[in-house]
Amino acid sequence: MAWNLIICTTVDGATGRHRIVEDKLMKRKAQILLDEAATWSLLWYLFGKGNDEIPGSLIMSPSTSHQEACNFVLMNHTAQLCLRIVQWLEDRASKVLDLEKRVRGWHVGSYLHHSGVWHRTQRLLKKGPTDTSIIQHLDFDAPTREQAHPVLEDKKQDEALLEDIWLLLRAGRVEEACDLCRSAGQPWRAATLCPFGGLDSFPSVEALVKPGKNRALQAVELEMVIGFQRRLWKWACFSAAEKIAEQDGGRYETAVFAVQCSNLKRLLPVCTDWESACWAMAKSWLDVQIDLELARYQPSRSDDMKSNEVILDGAAGEGDQTMQGSIGPESWPSQVLDQQPRDLHALLQKLHSGEMVHEAVSRGCREQHRQIEMDLMVGDVAHVLDLLRSWISPPEDDGNFFSPQCDPQMIRFGAHLVLVLRYLLADDIKDEFKDKLTLIGDLILHMYAVFLFSKNREELVGVYASQLAPYLCVELFVHMMELRLNESVHVKYKIFRSAMEYLSFFPGDASKGCVSDILERVLSRSREIKRKDEVQSNSVAEQHRLQSLQKAMVVQWLCFTPPFTINDFEAIKARLLMRALMHSIVLLREFALISMWRVPKLPVGAHMLLSFLAEPLKQQPIDTLLSIDEHDVSQNIVEFEDWKEYYSCDATYRKWLKADLENTDVPLLDLSLEEREKAIVAAKEALSAALALLQRKENPWLALSQNLLYASADHSFIELHTTAMFCLPSGDCMLPDATSCTTLTSALYSTVNEDVIRERRLMVNVSIPANDQTCIKVVINCLAVEGDGLGLHESNDGGLLAAVMAAGFKGELSRFETGVTLEISQLDAWYKDAEGTQKDLATYVVRGLCRRCCLPELILRIMQISVSLAESGITPDDHDELIELVASPESGLLHLFSQHQLQEFLLFEREYAICKIESQEETLTD
């Protein structure tokens, strides 16, 4: 029982701590969202809120002080900025009051009727003489005149009422504050908040529109001097605030009067948070600027006005340097000039370190969102970017840029802030600042896109990637596609759709990335050798097999159906399929060259490509593909069908080989008739498929069409690039060195007659790539001539370059290590002009190399199958036709065989003949 109690107590305690942590996190997240909302609101007030104009129907002549104040704020940048800051902070405070009302069910100003009347003091006075500290009369001036106070309970009630009045004034709800005063039984206080018959004197067009043309104010100011009543009222409020403060009156009552007259010394003590203090300073400074402007309409005060402006420009005090001398209303606003900042920078500095501001205000200045807001107020967007960069940049020693280490909320906020600033400042941004907004902005946007990617929100990445510089946008999507290459189709489609929806497909806007550039980059990088993707095996065949799978996976990006909502949906869909077809053919050529090994394992990369394209090609009308403005579309479609048939033959051969090897491992007496039949059926199937491919007459396999002609004016040279590995006879990889590269160069030259080398300007270069010490890079270049590079290449054998490379591929290079072959993993051929500029693909070279290598191997496999069938007592009916086809000069097949391949062919034929004779003898014996 005791143990159960301990366990329960421990669990409850842990749960409690867990809940506390969750609550703190929730509060922290809520506060972050509120802080961000404040910044977005500030941006709207600074940039989004338009400059209103005074409606012509409201313009009065002669003018009024309120109209002139509004005109001044509209025309003066500093005053306009102060007004917007005040409006922003009042709007923030007003929303807080509304939220409290919704949450609590009551709000500031919810008082009973006449709750501001001093009932307790009244009852006490009726009883007779009282303490001298208690007021003897009930008029509102009694506390100040008699230097006494109401009864404590009344005083507390009064202070609570004044606190609510202060909160309403802080939220810009002057009318509600006046209504509260009247309902509480203090209508006289409402008059102090809205003088001149309740006129809202806030210097905004909205406040000017409310009463319409104020003829009463116009008449008064015509009779007196413009702004005289305003000056008198402000001086009276200043005197009241000072008098109440000197008599230790309520601080909220002091603040209510002080806010009407820019008396920061009496106002700031109740501003215990950053927003209130900032509002107090901005509003006070705005009012003083208006007071100075209105003084221009009083000729007798022109000299005083100039001296006041000098004082305001040089003011540095904090409130204890009030001008001595004339202290009446005629000297206003000299009484509060020294309390005001010189400019907005000085205002913010007062918030940081002013003597009158509360400690919490100075502490708030150090908060991140406050630093951003203050920079936005002064227009220092460059410093905002520097702050964001310092807060969210990953550690310098962190090499993995796809794992951001900083605060995710700050990354998100920073990215959105960059987007908003770019939009707001797009028209009038300076060049030096534009570079900073571009560079640092791209860094922040890139980090947030990476963060979204790390959280599996790939569908959102395109929104932010579309705003990056083109090279960053392309690289970002390329990295994402590479990292998600082996993920599910659903995950990959999210990335594809995100790119298609937010980026243009075709290049157009030089400042934006496009989908076609991304896909081209992905396809290009996919053909590069990546050591990290290989297994720990020295087998060249297995390495190539696994690499081919990764290369093939990339083509799936082009086989996705784009969203129906994008422009030119059908055209883009066809373009994607055509590009997938072209790249697949390039890979199918390479995969054919690396899958010559006679092993049961299928070339998985090739069959994956065929499966990716099967359904899209079935759904896409061929006419649509042929309508694309590409000269080799029809040839690509034909070649794809050729490779489809070839890999089908290859699959049937490996199926037979697997069955044959399985039977070989079983003793002959233990081999069942069913297993023998299975191997024989597979052999016949493979033999039939291969012969059908070889015996095609109308369209021989990988033969060039008659319309692929190249003019000598456009192409002067042909060049072949290949990445390859040295392969030992055992199948293992041999690491290259400088000696082997030099020897290979000499050996490649030796495959060609010296006259041909000189006439065709043959050049061979073999090197080891810096980033991969297991492969070699072979570049062969020669002059294009008629029939090999120019005109139609009728023999379809790839010409000189294919012949040189085939010798290395088949391991028949003279002056080179015996049995060592070149295993090709990447192969390209181009036309180049006399200046060495790459012009076009020399497709016939690569296709010819495939014919040189694939067709002899296919024939040798047929011979291998024929021997196997002959050993089983079965003589293929088409064997003699195969021999005639190979020997026929018209087929050109014999020309494709190397010396060793011919020897192997003859050995197979010898074995076949022996098996056939033995079978016939057994038949005769029986």
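> So what exactly am I meant to see when it comes to the overall build of the chain here?
The secondary structure content of the chain amounts to 40 helices and eight strands. Expressed as a percentage of contacts within the chain between residues at least 6 apart in sequence, the contacts between residues at least 24 apart total 73%. As displayed, the chain offers around 44,600 Å² of accessible surface, 54% of which is attributable to carbon and sulfur atoms.

> Please clarify how the pairing of strand β1 (residues 717–727) should be interpreted in this entry.
Working note: regular strand, side chains alternate between the two faces of the sheet. Burial analysis of β1 places eleven of its eleven residues in the buried class, which makes it a mostly covered element. Residues Phe717, Glu719, His721, Thr723, Met725 and Cys727 point to one face of β1 and Ile718, Leu720, Thr722, Ala724 and Phe726 to the other, with burial holding for every one of them. Judged from the eight bridges that link them, β1 and strand β4 (residues 776–783) form a sheet pairing that is antiparallel. Opposite glutamate 719, over in β4, you have asparagine 781 as the bridge partner. Direction of pairing for β1 relative to strand β7 (residues 821–832): antiparallel, over a ladder of eleven bridges. Bridge pairing in β7 links leucine 720 to alanine 829. Where β1 and strand β2 (residues 733–734) come together, two bridges link them in antiparallel fashion. Within the sheet, the bridge partner assigned to phenylalanine 726 lies in β2 and is methionine 734.

> Looking at this model, I keep getting lost on the packing of helix α25 (residues 470–483) against helix α26 (residues 489–502). Mind explaining?
Running from amino to carboxyl end, α25 crosses α26 at an angle of 165°, the nearest separation of the two axes being 10 Å. What the angle tells us is that α25 and α26 run roughly antiparallel. In the crossing of α25 with α26, the sense of the turn from one axis to the other is left-handed. Contacts from Phe477, Met480 and Met481 in α25 reach Ile495, Ser498 and Ala499 in α26. The class makeup of the residues in the contact of α25 with α26 is five nonpolar, one polar and no charged.

> What's the story with a negative patch on the surface in this structure? I'm lost.
On the surface, a cluster of negative charge is made up of Glu871, Glu911, Glu918, Glu921 and Glu922. Top contributing element to the negative patch by residue count: helix α40 (residues 899–925), with four residues. For glutamate 911, the location among the structural elements is in helix α40. Residue classification places glutamate 911 among the partly exposed residues on the basis of a relative accessible area of 35%.

> What is the right way to look at the environment of leucine 882 in this model?
Relative to the helices and strands, leucine 882 resides in helix α39 (residues 879–887). Along the primary structure leucine 882 and glutamine 695 are separated by 187 residues, whereas in three dimensions their C-alpha atoms are 8.6 Å apart. Excluding residues that lie within four positions of it along the chain, leucine 882 makes contacts with Leu691, Leu694, Ile859, Ile862 and Met863.

> How should I be thinking about the pattern of salt bridges in this particular structure?
Pairs can form between side chains of opposite charge whenever their charged atoms are close. Considering all chains together, one arrives at 52 salt bridges under this definition. Aspartate 442 serves as the salt-bridge partner of arginine 422, at 2.8 Å between the closest nitrogen and oxygen. Taken together, the residues span a long stretch of sequence, with arginine 422 in helix α22 (residues 408–424) and aspartate 442 in helix α23 (residues 431–454) at a distance of 20 residues. In this pair, the class of arginine 422 matches that of aspartate 442, namely buried. Glutamate 542 is the salt-bridge partner of arginine 545, the closest N and O atoms lying 3.8 Å from each other. Here arginine 545 pairs with glutamate 542, and both are found in helix α28 (residues 540–553), just three residues apart, close to one helical turn. The exposure class assigned to arginine 545 is partly exposed, which follows from its relative accessible area of 22%.

> Mind showing me how you'd approach empty space enclosed by the protein here?
Rolled over the atoms, a probe sized like a water molecule indicates the empty space that remains. Counted by the stated rule, this structure contains seven cavities of 30 Å³ or more. Of the pockets and cavities examined, the largest cavity occupies roughly 90 Å³. Taken together, 15 residues form the lining of the largest cavity, with Lys49, Leu74, Gln80, Leu83 and Val205 sitting closest to its centre. Ranked by the residues each element gives to the lining of the largest cavity, the list is headed by helix α3 (residues 77–104), at four residues.

> Explain the state of the cysteines here, please?
Simply put, the disulfide is a covalent bond whose two ends are the sulfur atoms of two cysteines. Overall, the coordinates contain zero disulfides when judged by the stated rule. Not part of a disulfide, cysteine 181 finds its nearest cysteine sulfur in cysteine 178, a span of 6.2 Å. The exposure class assigned to cysteine 181 is buried, which follows from its relative accessible area of 0%. Of the cysteine sulfurs around cysteine 850, a residue in no disulfide, the closest is that of cysteine 854, at 5.2 Å. What makes cysteine 850 buried here is its relative accessible area of 0%.

> Would you mind showing me how to read the pairing of strand β3 (residues 763–767) here?
Every second residue of β3 is oriented toward a common face, the buried set being Val764 and Val766 and the non-buried set Met763, Asn765 and Ser767. Bridge count between β3 and β4: five bridges; the pairing is antiparallel. Within the sheet, the bridge partner assigned to valine 764 lies in β4 and is isoleucine 780.

> Help me understand the packing of aromatic side chains in this model?
The geometry of an aromatic ring pair is captured by two quantities: the separation of the ring centres and the angle between the planes. Across all of its chains, the model carries 21 aromatic pairs by this definition. Members of the aromatic cluster, each reached through a chain of ring pairs, are Tyr493, Phe496, Trp557 and Phe560. Taking NZ or CZ as reference, arginine 484 lies 3.9 Å from the ring centre of phenylalanine 453, over its face. Against the face of tryptophan 557 rests lysine 492, its NZ or CZ located 6.0 Å from the ring centre.

> Is there a simple way to explain the nonpolar core in this structure?
It is characteristic of soluble globular proteins that their nonpolar side chains tend to be buried jointly. Ile165, Trp274, Leu351, Phe477, Trp557, Trp643 and Leu744 are the most contacted members of the largest nonpolar core, which has 250 residues in total. In this structure leucine 351 touches Trp274, Ala277, Cys278, Met281, Val357, Val361, Ser362 and Cys365, once residues within four positions along its chain are discounted.

> How do you make sense of the side chain of aspartate 797 when you look at a structure like this?
Following the sequence through the fold, aspartate 797 ends up in the loop between β6 (789–790) and α37 (799–809). By relative accessible area, which is 5% here, aspartate 797 ends up buried. In terms of polar contacts, aspartate 797 uses its side chain to reach the side chain of histidine 895, at 2.8 Å.

> Sorry, what's going on with unusual backbone geometry here?
Most peptide bonds take the trans configuration, and most residues that are not glycine carry a negative phi. Along the chain, serine 61 connects to proline 62 via a cis peptide bond; the corresponding omega equals 0°. If you trace the backbone, proline 62 turns up in the loop between α1 (2–48) and α2 (65–75). Between tryptophan 332 and the following residue, proline 333, the backbone shows a cis peptide bond with an omega angle of 15°. Considering the arrangement of structural elements, one finds proline 333 in the loop between α16 (302–314) and α17 (334–337). The backbone of aspartate 568 shows a phi angle near 55°, a positive value even though the residue is not glycine.

> Help me understand α2 in this model?
Because each turn of an α-helix spans 3.6 residues, side chains separated by three or four positions in sequence point in the same direction. Along α2, eight of the eleven residues are buried, which leaves the element largely enclosed by surrounding structure. Turning to α2, its buried residues are Ser65, His66, Gln67, Glu68, Ala69, Cys70, Phe72 and Val73. Tucked into the core, α2 has its buried residues touching α3, α10 (205–209), α11 (215–223) and α15 (274–294).

> Can you help me understand the environment of cysteine 271 in this one?
Relative to the helices and strands, cysteine 271 is located in the loop between α14 (264–267) and α15. Residues cysteine 271 and arginine 170 lie 101 residues apart in sequence; the distance between their C-alpha atoms is 9.9 Å. Excluding anything up to four places from it in sequence, cysteine 271 contacts Trp166, Ser276, Ala277, Ala280, His358 and Val361.

> Hey, could you run me through the packing of α3 against helix α6 (residues 152–170) in this one?
Helices that pack against each other are described as a pair by the angle of their axes relative to one another and the distance between those axes. Where α3 contacts α6, the axes come no closer than 8 Å and their chain directions differ by 130°. It follows from the interaxial angle that α3 and α6 lie oblique. Contact residues: Leu89, Glu90, Ala93 and Leu97 in α3; Leu167, Leu168, Leu169 and Arg170 in α6. Class assignment for the residues of the contact of α3 with α6 results in six nonpolar, no polar and two charged.

> I'm lost on helix α35 (residues 738–750) in this one. Help?
For α35, with 13 residues, the first-to-last C-alpha span of 19 Å sits near the 18 Å given by 1.5 Å per residue. Along α35, the residues that are buried comprise Ser740, Cys741, Leu744, Thr745, Ala747 and Leu748. Taken around the axis of α35, the buried residues stretch over an arc of 165°, which confines them to a single face. Those residues of α35 that are exposed and aimed more than 90 degrees away from the buried face are Ala738, Thr739 and Thr742. Buried positions along α35 lie against β1, β3, β4, α37 and β7.

Definitions and cut-offs
Residues numbered from 1 in each chain as written. Predicted model: local features only at pLDDT ≥ 70, side-chain atom pairs only at ≥ 80, totals over all residues. Heavy atoms only, no water. Helix = DSSP H or I, 4+ residues; strand = E, 2+ residues; numbered from the N terminus. Contact = heavy atoms within 4.5 Å. Areas by Shrake-Rupley, 256 points an atom, 1.4 Å probe, with all protein chains shown as cover. Buried < 20%, exposed > 50% of the residue type's maximum accessible area, 1.4 Å probe, protein only. Pairing = 2+ DSSP bridges. Axes fitted to C-alpha atoms, helices over the stretch in contact; angles between N-to-C directions. Parallel < 35°, antiparallel > 145°, perpendicular 65-115°, else oblique. Left-handed = near helix turned anticlockwise from the far one by under 90°. Nonpolar A, V, L, I, M, F, W, Y, C, P; charged D, E, K, R; others polar. Patch = residues over 30% accessible without salt bridge, like charges linked within 9 Å, V, L, I, M, F, W, Y side chains within 5 Å. Salt bridge = Lys/Arg side-chain N within 4 Å of Asp/Glu carboxyl O. Lys, Arg positive; Asp, Glu negative; His and termini not counted. Charge placed at Lys NZ, Arg CZ, Asp CG, Glu CD. 1 Å grid on protein atoms, 1.4 Å probe; cavity = no way out; pocket = protein on both sides within 12 Å on 5 of 7 lines; lining within 4 Å. Points joined across faces, edges and corners; volume = space filled by probe spheres on them. Disulfide = S-S within 2.5 Å. Phe/Tyr/Trp six-rings, centres within 6.5 Å; stacked < 30°, edge-to-face > 60°. Lys NZ or Arg CZ within 6 Å of the ring centre and 35° of its normal. Core = buried A, V, L, I, M, F, W, Y, C linked by side-chain atoms within 4.5 Å. Polar contact = N/O pair within 3.5 Å; in protein donor to acceptor, adjacent residues only side chain to side chain. Expected span 1.5 Å × (residues − 1). Arc of directions from axis to C-beta.

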